[in-house]
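Structural overview for review
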Amino acid sequence: MKWVILLAWLGSVLFAHFRGYVRLPLGRQLLDHSILLAPLNALMVLTSKVATTPYIPVETLSELKLLEDNWETIRDEALHLAQLREIKAPELHNDIGFNSFFKYGWKRFYLKWYDAKHPSAEQLCPKTVALLNRIPSVKAAMFAELPPGGQLNPHRDPYAGSLRYHLGLATPNDDQCYIDVDGIRHSWRDGQGVIFDETYVHEAYNHTDKNRIILFCDIERPLKWGWAQAFNHWFGRVMMSAASSPNSGSDQTGFINRLTHWHWLLDQKRRAFKKANRPLYKATKFGLIGLAIVLFVIS
């Protein structure tokens, strides 16, 4: 049985790796955090009711038209937040899902995150929150800012149970400010939405001299089978809520993010070790992986 489990897990990792045209280096893929959910992600993709292409036509999820129809209302609240400097990086290291983004200038303000509570959003963005609450498939949402010169390096998100939706609010309206998903570029435009599968390798850049603010949402992926949809809904409600991050002290911090500061401290030690002796770092890393596999086999 353990061999079946191991082979199924490795198979799902390779399924994710070879899906699409753009791939992370295999060594990085085998160490990427997305491999933890690889078997679950394979299930989500193989039972998807919508296309499993890098981009999905916006009209596929017709409920999102409500957001596009009200994009100016949403934009006005986002710009007000920007003036207040509430769209920002966290003051503490308590946003595990996006910790690596902040060093490149990316900022966010959470509007909702699964079942976690964000009173700050209800207070500062009541109209946007009300609109989002009218769409049950929207499980998470935030305002996301990418300043001039900002970038997000190639990566894949860890969970295939959702699809990513971006709605342009205050963008450069320029092809030099874009996201690239599996080698296909999309440049944001005010009032226009786009849906993509964030488990494909993607990256984003703002090569203009203007700021970019978008509405960023996670939409629950529609699945073919009722039991799979129910499991996906449960997983998001329980596990993804545990990764909630606050805008302010009044907001809920999920269990995972309450531990993130310690993760950050350990990661600083890891980075220092890697910088000091890269060959030894790689040898240690792959040695630990090999030891884990050996222990699994002999157990």
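Note: the structure precedes this text.
One structure accompanies this document, and this report is about it. (Residues numbered from 1 in each chain as written. Predicted model: local features only at pLDDT ≥ 70, side-chain atom pairs only at ≥ 80, totals over all residues. Heavy atoms only, no water.)

Side note on the environment of Glu-220
Here Glu-220 lies in strand E10 (residues 212-220). Taking C-alpha positions, Glu-220 is 5.3 Å from Ser-137, a pair spaced 83 residues apart along the chain. If we ignore the near neighbours within four places in the chain, the residues touching Glu-220 are Ser-137, Lys-139, Gly-161, Ser-162, Gln-229, Asn-232 and His-233. A polar atom in the side chain of Glu-220 sits 3.3 Å from the side chain of Gln-229. (Helix = DSSP H or I, 4+ residues; strand = E, 2+ residues; numbered from the N terminus. Contact = heavy atoms within 4.5 Å. Polar contact = N/O pair within 3.5 Å; in protein donor to acceptor, adjacent residues only side chain to side chain.)

A few points about the side chain of Asp-197
Topologically, Asp-197 is positioned in the loop between strand E8 (193-196) and strand E9 (202-206). Taking relative accessible area as the criterion, Asp-197 reaches 0% and is therefore assigned buried. A polar side-chain atom of Asp-197 sits 3.0 Å from a polar atom in the side chain of Arg-221. Among residues more than four places away in sequence, those in contact with Asp-197 are Arg-19, Thr-53, Pro-54, Ile-56, Leu-163, Val-181 and Arg-221. (Buried < 20%, exposed > 50% of the residue type's maximum accessible area, 1.4 Å probe, protein only.)

Some details on the pattern of salt bridges
Scanning the entire structure with this criterion turns up 8 salt bridges. With a shortest N-O distance of 2.7 Å, Arg-19 and Asp-197 are connected by a salt bridge. One end of the pair, Arg-19, is in the loop between helix H1 (2-18) and helix H2 (26-31); the other, Asp-197, is in the loop between E8 and E9, and 178 residues separate them in sequence. The same class applies to Arg-19 as to Asp-197, namely buried. Residue Arg-189 pairs with Asp-175 through a salt bridge whose shortest N-O separation is 2.9 Å. Separated by 14 residues along the polypeptide, Arg-189 in the loop between strand E7 (184-187) and E8 and Asp-175 in the loop between strand E5 (162-170) and strand E6 (177-181) bring together distant segments of the chain. A relative accessible area of 48% places Asp-175 in the partly exposed class. Residues joined in a network through salt bridges with shared partners are Asp-157, Arg-164, Glu-198 and Asp-218. (Salt bridge = Lys/Arg side-chain N within 4 Å of Asp/Glu carboxyl O.)

What to know about the sheet that holds strand E2 (residues 107-113)
Strand order in the open sheet made by the 6 strands is E1-E8-E5-E10-E3-E2, with antiparallel pairing throughout. Since the sheet does not close on itself, it has two edges, and those belong to strand E1 (55-56) and E2, each with one partner. Both E5 and E8 contribute to a ladder of 4 bridges, which runs antiparallel. In the sheet register, Tyr-165 faces E8, and the bridge partner there is Ile-195. Seen against the sheet, helix H5 (residues 71-84) touches E2, strand E3 (138-146), E5 and E10 and runs at an angle of roughly 75° to E5. Each of E2, E3 and E10 touches helix H7 (residues 126-133); the most contacted strand, E2, lies at about 50° to it. (Pairing = 2+ DSSP bridges. Axes fitted to C-alpha atoms, helices over the stretch in contact; angles between N-to-C directions.)

A look at the packing of helix H3 (residues 38-46) against helix H8 (residues 226-240)
Packed helices, taken two at a time, are described by the angle their axes make and the gap between the axes. Taken N-terminus to C-terminus, the directions of H3 and H8 make an angle of 135°; their axes are 11 Å apart at the nearest point. Between H3 and H8, the angle falls in the class oblique. The interaxial crossing formed by H3 with H8 has left-handed handedness. Across from Leu-40, Leu-43 and Met-44 in H3, the residues of H8 making contact are Trp-227, Ala-228, Phe-231, Asn-232 and Phe-235. Its residues placed into classes, the contact of H3 with H8 shows 7 nonpolar, 1 polar and no charged. (Parallel < 35°, antiparallel > 145°, perpendicular 65-115°, else oblique. Left-handed = near helix turned anticlockwise from the far one by under 90°. Nonpolar A, V, L, I, M, F, W, Y, C, P; charged D, E, K, R; others polar.)

Topic: the packing of aromatic side chains
Applying the stated rule across the entire model yields 11 aromatic pairs. Centroid distance Tyr-110 to Trp-113: 5.6 Å. Interplanar angle 85°. Geometry classified as edge-to-face. On the basis of relative accessibility, which here comes to 6%, the residue Trp-113 falls in the buried class. Ring centres of Phe-231 and Phe-235 lie 6.2 Å apart, and the angle between their planes is 35°; on these two criteria the pair is classed as tilted. With a gap of 4 residues between them, Phe-231 and Phe-235 both fall in helix H8, about one helical turn apart. Over the ring of Tyr-200 we find Arg-19; its NZ or CZ atom is 4.1 Å from the centre of that ring. The residue whose ring lies beneath Arg-212 is Trp-188, and the NZ or CZ to ring-centre distance is 4.5 Å. (Phe/Tyr/Trp six-rings, centres within 6.5 Å; stacked < 30°, edge-to-face > 60°. Lys NZ or Arg CZ within 6 Å of the ring centre and 35° of its normal.)

Some remarks on the nonpolar core
Formed by 33 residues in total, the largest nonpolar core has its most connected members in Phe-98, Trp-106, Trp-113, Met-142 and Ile-179. Only H3, E2, E3, E6, E8, E10 and H8 provide two or more residues apiece to this core. Among the elements that line this core, the one with the most residues is E3, at 4 residues. Not counting chain neighbours up to four residues away, the residues in contact with Trp-106 comprise Phe-98, Phe-101, Met-142, Ala-144, Glu-145, Leu-146, Pro-147, Leu-152 and Arg-212. Ranked by size, the runner-up nonpolar core spans 31 residues in total, among them Leu-81, Ile-195, Leu-215 and Ile-219. (Core = buried A, V, L, I, M, F, W, Y, C linked by side-chain atoms within 4.5 Å.)

Let's talk about the pairing of E7
Sheet analysis places E6 next to E7, joined by 4 bridges and oriented antiparallel. Pairing of Val-181 across the sheet is with Ile-184, part of E7. Connecting the antiparallel pair E6 and E7 is a turn made up of 2 residues, with Asp-182 showing a positive phi of about 55°.

Function-wise, these values are silent; they only describe arrangement.
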